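As a plain string of letters, each chain reads:
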Amino acid sequence: MATAQKKATVKETIYSWEGKDKAGKPVRGEMRAGGETIVSATLRRQGILVSKIKKKSFSSGKAITEKDIALFTRQLATMMKAGVPLLQSFDIVGKGHTNPSVSKLILDIRGDIETGTSMSQAFRKYPLYFDPLFCNLVGAGEQAGILEDLLTRLAIYKEKTVAIKAKIKGALFYPVSILAVAFIVTAVIMIWVVPAFKSVFTSFGADLPAPTLIVMNISDVCVKYWYVVFGVPVAAIYLFMQAWKRNLELQRTMDRLLLKAPIFGDIVRKATVARWTRTLATMFAAGVPLVESLDSVGGAAGNAVYLDATIKIQNEVSSGTSLTMAMQNTNVFPNMVTQMVSIGEESGALDAMLGKVADFYEEEVDEAVANISSLMEPFIMVILGVLIGGLVIAMYLPIFKLGNVVGG
């Protein structure tokens, strides 16, 4: 019994091997096993004379992203639709990936499946990369015998989700990066450039203009407390991010404020509604009961306000309330969404209607991001012009004043 348990816990590794077959022809390949002796014994039973066995090492790659998982899902769905056997599909996708971290993950999952674990259970071992929605849909596909179709749906869902998140991040990244550069440039001017002008102005022996005196006083503070100027913003951002990760109430507060934010709040709301409806459409189309589907929908929306609303909807639906009425009671969904859901419930095509709502709001996000990007450029240029231009003018006013005196 002890020996069997010990054997069951042996960690398998991928080995590459070289040798010759019965005809003396050179052959090579890879095998997943618990040790070199197992590889050698297995190949010897196949009539292969082994000359070299080497443990395959995976170089440390980049972090695994949602985009990597979306690509993996699409590739696996394509392979299976083409009739490629499951284990071979994992081999092809895993060995062909450019990120070693993804390759190792895929081949580890393949090893679990090869030992008899179901695909959904193999995915559940890696919750960091495969959320409950992903695992539930794969499990439903395995039970219903429609795994290829559900993998395709999952691939579409993942691709749409990644795309909409990328658009939101893109819309936020541009103004934030410009403002960060403006802060750095202003700090450099205050700490290094203004003191050089100050040494020149002190030799004038004349009264300096008020704007120049203000800038010079601010510069003196920045020079004296430069570590505060640079350290406080960095520390504040770091501490806020750490608190945000650990404090659920802070996350809820920030999610509520984000939805109410001017300009960007409307984009975030539309993106959240798009993800919510897309997730529910995917789950419902896969044959998952509505109440069970709502378990995954709230978390996938990515906003605490909609998570709370989903829990409320789930409780009301489970007690017999229609989905349309339950959504209306939360007061977080636009009227168009609830009307489309009502039509879907009455016509028996809820998944199709939810999909159309998701398509509509994804297009709305695209247009809103494009409009904001075009509007933000002149707005940011004005801010930079006023900030940097104001500093330059303040420092050159004494020179203009001196020129007038000399000219007079």
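Definitions and limits used
- Residues numbered from 1 in each chain as written.
- Predicted model: local features only at pLDDT ≥ 70, side-chain atom pairs only at ≥ 80, totals over all residues.
- Heavy atoms only, no water.
- Helix = DSSP H or I, 4+ residues; strand = E, 2+ residues; numbered from the N terminus.
- Rg over C-alpha atoms; globule rule 2.2 N^0.38 Å.
- Buried < 20%, exposed > 50% of the residue type's maximum accessible area, 1.4 Å probe, protein only.
- Lys, Arg positive; Asp, Glu negative; His and termini not counted.
- Charge placed at Lys NZ, Arg CZ, Asp CG, Glu CD.
- Patch = residues over 30% accessible without salt bridge, like charges linked within 9 Å, V, L, I, M, F, W, Y side chains within 5 Å.
- Areas by Shrake-Rupley, 256 points an atom, 1.4 Å probe, with all protein chains shown as cover.
- Salt bridge = Lys/Arg side-chain N within 4 Å of Asp/Glu carboxyl O.
- Expected span 1.5 Å × (residues − 1).
- Axes fitted to C-alpha atoms, helices over the stretch in contact; angles between N-to-C directions.
- Parallel < 35°, antiparallel > 145°, perpendicular 65-115°, else oblique.
- Left-handed = near helix turned anticlockwise from the far one by under 90°.
- Contact = heavy atoms within 4.5 Å.
- Nonpolar A, V, L, I, M, F, W, Y, C, P; charged D, E, K, R; others polar.

Chemist: Summarise the overall build of the protein; cite the residues concerned and give the values.
Modeler: Looking only at helices and strands, one finds 17 helices and three strands in the protein. Relative to its length of 408 residues, the protein is extended, with a C-alpha radius of gyration of 31 Å against a globular reference of 22 Å. By principal-axis analysis of the C-alpha atoms, the protein measures approximately 105 × 65 × 40 Å. Counting over 408 residues, the protein shows a buried share of 37%. On the protein, the mean spot of the 43 positive side-chain charges and the mean spot of the 35 negative ones are 10 Å from each other.

Chemist: Account for a nonpolar patch on the surface, naming residues and giving values.
Modeler: Residues Val221, Tyr225, Trp226, Tyr227, Val228 and Val232 make up a contiguous nonpolar surface patch of about 580 Å² in total accessible area. Broken down by element, the nonpolar patch gets its largest block of residues, four residues, from helix H10 (residues 226-246).

Chemist: Account for helix H16 (residues 335-347), with residues named and values stated.
Modeler: Compared with the 18 Å implied by 1.5 Å per residue over 13 residues, the 18 Å span of H16 between its first and last C-alpha is a close match. Looking one or two places after H16, you find Gly348, whose phi comes out positive at around 75°.

Chemist: Any chance you could break down the packing of helix H7 (residues 132-144) against helix H8 (residues 147-201) for me, citing the residues and the numbers?
Modeler: Two measures define how a pair of helices packs: the angle their axes make with one another and the distance between the axes. Put simply, H7 and H8 touch, their axes get as near as 8 Å, and they point 160° apart. Here H7 lies roughly antiparallel to H8, going by the angle between them. Crossing handedness for the pair H7 and H8: right-handed. Taking contact as the criterion, the partners of Leu133, Phe134, Leu137, Val138, Ala140, Gly141 and Glu142 in H7 are, on H8, Leu147, Leu150, Leu151, Leu154, Tyr157 and Lys158. Of the residues contributing to the contact of H7 with H8, the split by class is 10 nonpolar, one polar and two charged.

Distances and angles like these do not, on their own, reveal function.
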